[in-house]
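Letter by letter, the chains look like this.
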Amino acid sequence: MKNIKIIILQRVFKRNNALFYFEYPNKATNLDTGKEFHDNRVYNSHQQHRLLPPNYIEAEREYLQNEEYYEQILLKYLNVIV
């Protein structure tokens, strides 16, 4: 289960104090408003502002160090993500 959570969180990024879920290179969803963005800059934002590193081992380490924070994100937004 932890693996799935980390994989989901690797697709979340923060931009201008808002959290977004990266779906594919030109689509992201604002997790608070549910508004979708279709823009070629989405990929770059995800790369620069992601919450967890792309490397799974590094992401797992970061997740475990701040598990409570990431769990809150999952609890609040999982219904938007899936």
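See the structure shown above.
Residues numbered from 1 in each chain as written. Predicted model: local features only at pLDDT ≥ 70, side-chain atom pairs only at ≥ 80, totals over all residues. Heavy atoms only, no water.

Draft legend 1. Structural context of the pairing of strand S3 (residues 27-30). Taking every second residue as pointing to the same face, both faces of S3 are buried, with Lys27 and Thr29 on one and Ala28 and Asn30 on the other. Note that strand S2 (residues 18-24) and S3 share 4 bridges and pair antiparallel. From the neighbouring strand, Tyr21 faces S3, where its bridge partner is Thr29. Here S2 folds back onto S3, and the loop between the two strands holds 2 residues. With 3 bridges joining them, S3 and strand S4 (residues 36-38) adopt antiparallel strand pairing. The residue of S4 that forms the bridge with Thr29 is Glu36. (Buried < 20%, exposed > 50% of the residue type's maximum accessible area, 1.4 Å probe, protein only. Helix = DSSP H or I, 4+ residues; strand = E, 2+ residues; numbered from the N terminus. Pairing = 2+ DSSP bridges.)

Draft legend 2. Here's a closer look at the sheet that holds S2. The strand order across the open sheet formed by 4 strands is S1-S2-S3-S4, and the pairing between neighbours is antiparallel. At either margin of the open sheet sits one strand with a lone partner, and together these are strand S1 (12-15) and S4. With direction set aside, neighbouring strand axes in the sheet form an average angle of 35 degrees. Each of S1, S2, S3 and S4 touches helix H2 (residues 42-49); the most contacted strand, S1, lies at about 95 degrees to it. (Axes fitted to C-alpha atoms, helices over the stretch in contact; angles between N-to-C directions. Contact = heavy atoms within 4.5 Å.)

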